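# Report on the structure
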Amino acid sequence: AEAFNQKPFVLAMFPSGNGEKINKPVEIDNKHIILSALQNTENGTLVRFYNTMSSEQTLNATVGCDKITAEFTPFEVKTFVLENGGVRETNMLGK
């Protein structure tokens, strides 16, 4: 009975926004481009995006300190590897 005999507490589920802001690990400027994978691999950090629209889209993204710019055809999926301060486009496996 003692385990259930505790005072209630409240969690702030909707914080005011005051206080220290944390850096976002990934920022994407286009709402039609979706981040579908972010994974550390032996070759670096694998990042995968896809275009959700039936029209061409442009991506400008920041992942950590690296910037990615890419053009997407309709419904295209692109995979990038971030390694040694550089960005390269790769296949779906990151090789």
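Within the protein one finds zero helices and seven strands. Sequence-ordered secondary structure for the protein, helices as α and strands as β, is β-β-β-β-β-β-β. In the protein, which comprises 95 residues, the proportion classed as buried is 26%. Contacts in the protein between residues at least 24 apart in sequence constitute 36% of all its contacts with a sequence separation of at least 6. Carbon and sulfur atoms make up 53% of the accessible area of the protein, which amounts to about 7,400 Å² in all.

If you walk through the whole model with that rule in mind, you get one salt bridge. The partner of R88 in a salt bridge is E83, and the shortest N-O contact between them spans 2.6 Å.

Let us look at the sheet that holds strand β7 (residues 86–90). Across the sheet, four strands lie side by side as β2-β3-β6-β7; this open sheet has antiparallel pairing. Since the sheet does not close on itself, it has two edges, and those belong to β2 (33–41) and β7, each with one partner. Within the sheet, the average angular offset between the axes of one strand and its neighbour, ignoring direction, is 25 degrees. Across eight bridges, β2 lies against strand β3 (residues 44–51) in antiparallel orientation. Across the sheet, I33 pairs through a bridge with N51, a residue of β3.

Another point: the environment of V47. Along the chain, the position of V47 falls in strand β3. Of the residues examined, V47 reaches a relative accessible area of 0% and is grouped as buried. V47 sits 10 residues away from A37 along the chain, and the two C-alpha atoms are 5.4 Å apart. If sequence neighbours within four positions are ignored, V47 has contacts with L35, A37, L38, V63, K78, T79, F80 and L82.

Moving on to the nonpolar core. Inside soluble globular proteins, nonpolar side chains tend to come together where they are buried. Of all hydrophobic cores here, the largest spans 12 residues; its members are V26, I33, V47, F49, L59, A61, V63, I68, A70, F72, F80 and L82. For this core, the secondary-structure elements that each account for two or more residues are β3, β4 (57–63), β5 (66–72) and β6 (77–83). Dropping the residues within four chain positions of it, I68 is found in contact with F49, L59, N60, A61, V63, F80, L82 and V87.

The subject of this paragraph is the sheet that holds β5. The three strands are arranged β1-β4-β5 in an open sheet whose pairing can be described as antiparallel. A single partner strand is all that each edge strand has here, and the edge strands are β1 (26–28) and β5. Strand-to-strand, the axes of this sheet are offset by a mean angle of 20 degrees, without reference to chain direction.

Definitions and limits used
Residues numbered from 1 in each chain as written. Predicted model: local features only at pLDDT ≥ 70, side-chain atom pairs only at ≥ 80, totals over all residues. Heavy atoms only, no water. Helix = DSSP H or I, 4+ residues; strand = E, 2+ residues; numbered from the N terminus. Buried < 20%, exposed > 50% of the residue type's maximum accessible area, 1.4 Å probe, protein only. Contact = heavy atoms within 4.5 Å. Areas by Shrake-Rupley, 256 points an atom, 1.4 Å probe, with all protein chains shown as cover. Salt bridge = Lys/Arg side-chain N within 4 Å of Asp/Glu carboxyl O. Pairing = 2+ DSSP bridges. Axes fitted to C-alpha atoms, helices over the stretch in contact; angles between N-to-C directions. Core = buried A, V, L, I, M, F, W, Y, C linked by side-chain atoms within 4.5 Å.

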